[in-house]
Amino acid sequence: MFDNLSEKLDKAFHVLKGHGKITEVNVADTLKEVRRALLDADVNFKIAKDFTTKVKEKAIGQNVLTTLQPGQLMVKLVKDELTELMGGDAAGINLSGNPTVILMSGLQGSGKTTFSGKLANYLKTKKNKKPLLVACDIYRPAAINQLHVVGGQIGVEVYSEEGNRNPVEIAQNAVKHAKANGYNVVIVDTAGRLAVDEEMMNEIANVHKALQPQETLFVVDSMTGQDAVNTAKAFNDRLNFDGVILTKLDGDTRGGAAISIKSVVNKPIKFIGTGEKMEAIDVFYPNRMADRILG
Ligand code: GDP
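Here goes a summary of the coordinates provided. Quick caveat: nothing in here was measured; it's all calculated off a predicted structure.

All chains considered together, the criterion is met by four aromatic pairs. For the ring pair Phe 115 and Phe 271, a centre distance of 5.9 Å and an interplane angle of 50° mean the geometry is tilted. On the criterion of sequence distance, the pair formed by Phe 115 in helix α5 (residues 112–126) and Phe 271 in strand β7 (residues 269–273) is long-range, its members being 156 residues apart. Relative to Phe 235, the ring of Phe 218 has its centre 5.2 Å away and its plane inclined at 40°; by these criteria the two rings are tilted. With Phe 218 in strand β5 (residues 215–221) and Phe 235 in helix α9 (residues 226–239), the pair connects residues that are 17 residues apart, well separated along the chain. For the pair formed by Phe 218 and Phe 235, the shared burial category is buried. Aromatic ring contacts, followed pair by pair, group Phe 115, Tyr 122 and Phe 271 into a single cluster. When the ring centre of Tyr 183 is taken as reference, the NZ or CZ atom of Lys 130 above it lies at 4.4 Å.

Glancing now at the sheet that holds β5. A sheet is described by the order of its strands in space; here eight strands give the open sequence β3-β2-β4-β1-β5-β6-β7-β8, paired in mixed fashion. The outermost strands of the open sheet, each flanked by one partner alone, are β3 (158–159) and β8 (281–283). Seen against the sheet, α5 touches β1 (100–105), β2 (131–135), β4 (185–189), β5, β6 (243–247), β7 and β8 and runs at an angle of roughly 170° to β4. In this fold α9 packs onto β1 and β5, with an angle of close to 160° to the strand it touches most, β5.

Right, let's talk about the site of the ligand for a bit. In the vicinity of the ligand, 16 residues are found, and the nearest of them are Gly 109, Thr 113, Thr 114, Asp 250 and Glu 276. At a separation of 2.8 Å, an oxygen atom of the ligand approaches a polar backbone atom of Lys 112. Here an oxygen atom of the ligand sits 2.6 Å away from a polar atom, N or O, in the side chain of Thr 114. Considered on its own, the ligand offers 580 Å² of accessible surface; in the complex 80% of this is hidden by protein. Of the residues contributing to the shell around the ligand, the split by class is one nonpolar, 10 polar and five charged.

Thresholds, definitions, all that
- Residues numbered from 1 in each chain as written.
- Predicted model: local features only at pLDDT ≥ 70, side-chain atom pairs only at ≥ 80, totals over all residues.
- Heavy atoms only, no water.
- Phe/Tyr/Trp six-rings, centres within 6.5 Å; stacked < 30°, edge-to-face > 60°.
- Helix = DSSP H or I, 4+ residues; strand = E, 2+ residues; numbered from the N terminus.
- Buried < 20%, exposed > 50% of the residue type's maximum accessible area, 1.4 Å probe, protein only.
- Lys NZ or Arg CZ within 6 Å of the ring centre and 35° of its normal.
- Pairing = 2+ DSSP bridges.
- Contact = heavy atoms within 4.5 Å.
- Axes fitted to C-alpha atoms, helices over the stretch in contact; angles between N-to-C directions.
- Near = heavy atom within 4 Å.
- Polar contact = N/O pair within 3.5 Å; in protein donor to acceptor, adjacent residues only side chain to side chain.
- Areas by Shrake-Rupley, 256 points an atom, 1.4 Å probe, with all protein chains shown as cover.
- Nonpolar A, V, L, I, M, F, W, Y, C, P; charged D, E, K, R; others polar.

Shown next as structure tokens:
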């Protein structure tokens, strides 16, 4: 479906080598291909442009023009730089609280409830934790039911309070319940809206202030492209969140949102969602994402 950029770059340089000298102009041409690939992957225009400028400087600094395999060196440079741009190493999750409180934020439909379940399942099965899921969406009874269904699937208790219209109170009661019953991680699923609005932001900011979570995670649908960046910025401005969850990477997207979001809010992407099942969760590895973006 996508052309393989690594192969393309390598080939471009080989052809050029056969016909004589590789020049700075050729490097610039090849970097245009890189920029096109980034734009195809939905990376923001300015970020793509800055990126190729930086790679060009490095390429010239490293004498890419005179090496035996300039194509391969360029591919490596591009990949390393992309990996660095997305945070270098995989970022961990802070589980130091007693209990650890994890607050989920994001728009409706981003995959918050699904991811809350996946994270609970991951912490239970991979990290030997005893998680409690908390339903704080006071507007949509269906959302509370959905969390109960998810909890049932993975064998994790779900805390909810029927009739209580105060999400701060529900969340605080849930933490008390966790302390009293030996849960060491509390994952709070909050109400989302279809778009950023003041009321939603105030509500989640109040929950955030009251809980002082160890981790505030922002969940975003990787298919939403440039909008993902604006939403991330709006949530980060209010919550100063700790990490990003990129969902629906099993879909038809190159995942350029990973680069744009990291560049704009400068927060690590911690996990990715790769399907609707509870097991479809992965730690985010910047180098793997760079491979995916480059194709
Ligand atoms: P919320 O409104 O933010 O809580 O979003 P939901 O968790 O209800 O998810 C919205 C829809 O996206 C549901 O149909 C989920 O099954 C689906 N979904 C969530 N995460 C993923 C994912 O990683 N991949 C795919 N393909 N679908 C997902």
